[in-house]
Amino acid sequence: MSQPKVTVLHGPNLNLLGVRQPDVYGYETLEDVNNALRKTAIMTGWEINCFQSNHEGELIDAIHAARLDGTLAIIINPAAYTHTSVAILDALNAFEGKVIEVHISNVHKRESFRHHSYVSLRADGVIAGLGTQGYQAALDTILASTE
Ligand code: DQA
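Here we summarise the structure given alongside this text. Numbers given to residues run from 1 along each chain, matching the order in which its sequence is written. Residues qualify for local features only when their pLDDT is at least 70, as the model is predicted, and side-chain atom pairs are given and counted only at 80 or more; totals for whole chains, interfaces and linings, by contrast, use all residues. With hydrogens and water set aside, each side-chain value is computed from the structure's full complement of heavy atoms.

Next up on the list: the overall build of the protein chain. For the protein chain, the helix and strand inventory stands at five helices and five strands. Put simply, the radius of gyration uses C-alpha atoms, and a globule should come to 2.2 Å times the residue count raised to 0.38. Here the protein chain has a C-alpha radius of gyration of 14 Å; the compact-globule value for 147 residues is 15 Å, and the two agree. Its C-alpha atoms put the protein chain at 45 × 30 × 25 Å along the principal axes. Of all 147 residues assigned to the protein chain, the portion counted as buried reaches 46%. Only four residue types enter the charge count, namely Lys and Arg as positive and Asp and Glu as negative; His and the chain termini do not. In plain terms, the charge of a residue is placed at NZ if it is Lys, CZ if Arg, CG if Asp and CD if Glu. Separation between the mean location of the 10 positive side-chain charges and that of the 16 negative ones in the protein chain comes to 3 Å. We count a stretch as a helix when DSSP gives it H or I for four or more residues in a row; a strand needs E for two or more, and each element gets its number in order from the N terminus. Working definition: with a 1.4 Å probe on protein chains only, accessible area under 20% of the residue-type maximum means buried, over 50% means exposed, and in between means partly exposed.

Given below as structure tokens:
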């Protein structure tokens, strides 16, 4: 039997994690975050695919790929596209598994344009303000709920 699979998607500018506004996003790099998630997933017998893009269409293509590659759940930090992208929402609406939206910062404590999320209209859960630990919390929830 094939392993259960989770896909982790990171939106624009998250490739700069660790160097970009560390007061807001912390000092961990994206590679640190992905490596920790890979470790947890693999230990639990899951397959994990981590992908970052600065391009909306590439994130949409990755969501479409997840529909067909056996992905049971998507963890997504759409970054600034959270607040603008109906297209990412539409792509997620075509995905049948679980979706957890993660924000490193507490977007509700920040500028008002960050308070609205298109992706939250689809997300089964939303985590904000736990720092990069939020990804781990999302993964733990998926691993526990889909056992
Ligand atoms: C973010 C919050 C967004 O408002 C912002 O555009 C980001 C990162 C977060 O993880 O806190 O790039 O999604």
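Mapped onto the secondary structure, H103 falls in strand β4 (residues 98-103). Owing to a relative accessible area of 5%, H103 belongs among the buried residues under this scheme. In this analysis, two residues are considered to be in contact whenever any of their non-hydrogen atoms come within 4.5 Å of each other. The residues touching H103, leaving out its near neighbours within four places in the chain, are N77, P78, T82, I127, A128, G129 and L130.

Attention now moves to the site of the ligand. The local shell around the ligand consists of R20, Y25, N77, A79, A80, H83, H103, I104, S105, V107 and R114. Within the backbone of I104, one N or O atom sits 2.8 Å away from an oxygen atom of the ligand. Working definition of accessibility: Shrake-Rupley area with a 1.4 Å probe, residue cover restricted to the visible protein chains. Burial of the ligand by the surrounding chains reaches 98%, relative to a free accessible area of 330 Å². Here a cavity means grid points, on a 1 Å grid over the protein atoms only, where a 1.4 Å probe fits yet cannot get out; a pocket means an open set of points with protein on both sides within 12 Å along at least five of seven lines; lining residues are those with an atom within 4 Å of a point. Being in a pocket or cavity means that more than half of the molecule's atoms lie within 2 Å of its grid points. Put simply, the ligand lies in the largest pocket. For the shell around the ligand, a count of residues per class yields five nonpolar, four polar and two charged. The rule for a residue being near a molecule or strand is that one of its heavy atoms must lie within 4 Å of it. Any pair of nitrogen or oxygen atoms within 3.5 Å is treated as a polar contact; in protein, a donor-acceptor pairing is required on top of that, and neighbouring residues in sequence qualify only through side-chain atoms on both sides. Throughout, the ten residues Ala, Val, Leu, Ile, Met, Phe, Trp, Tyr, Cys and Pro are labelled nonpolar, Asp, Glu, Lys and Arg are labelled charged, and all others, Gly among them, are labelled polar.

Its identity is not glycine, yet Q21 carries a phi of approximately 35°, on the positive side. Non-glycine residue A79 carries a positive phi angle of around 50°. Structurally, A79 can be placed in the loop between β3 (71-77) and α4 (86-93).

A large share of strand β1 (residues 5-10) lies buried, amounting to six of its six residues. Going residue by residue along β1, you find K5, T7 and L9 tucked away on one face and V6, V8 and H10 tucked away on the opposite face as well. Direction of pairing for β1 relative to strand β2 (residues 47-52): parallel, over a ladder of six bridges. When the sheet's bridge partners are listed, H10 is paired in β2 with Q52. At least two DSSP bridges between two strands are required for those strands to pair.

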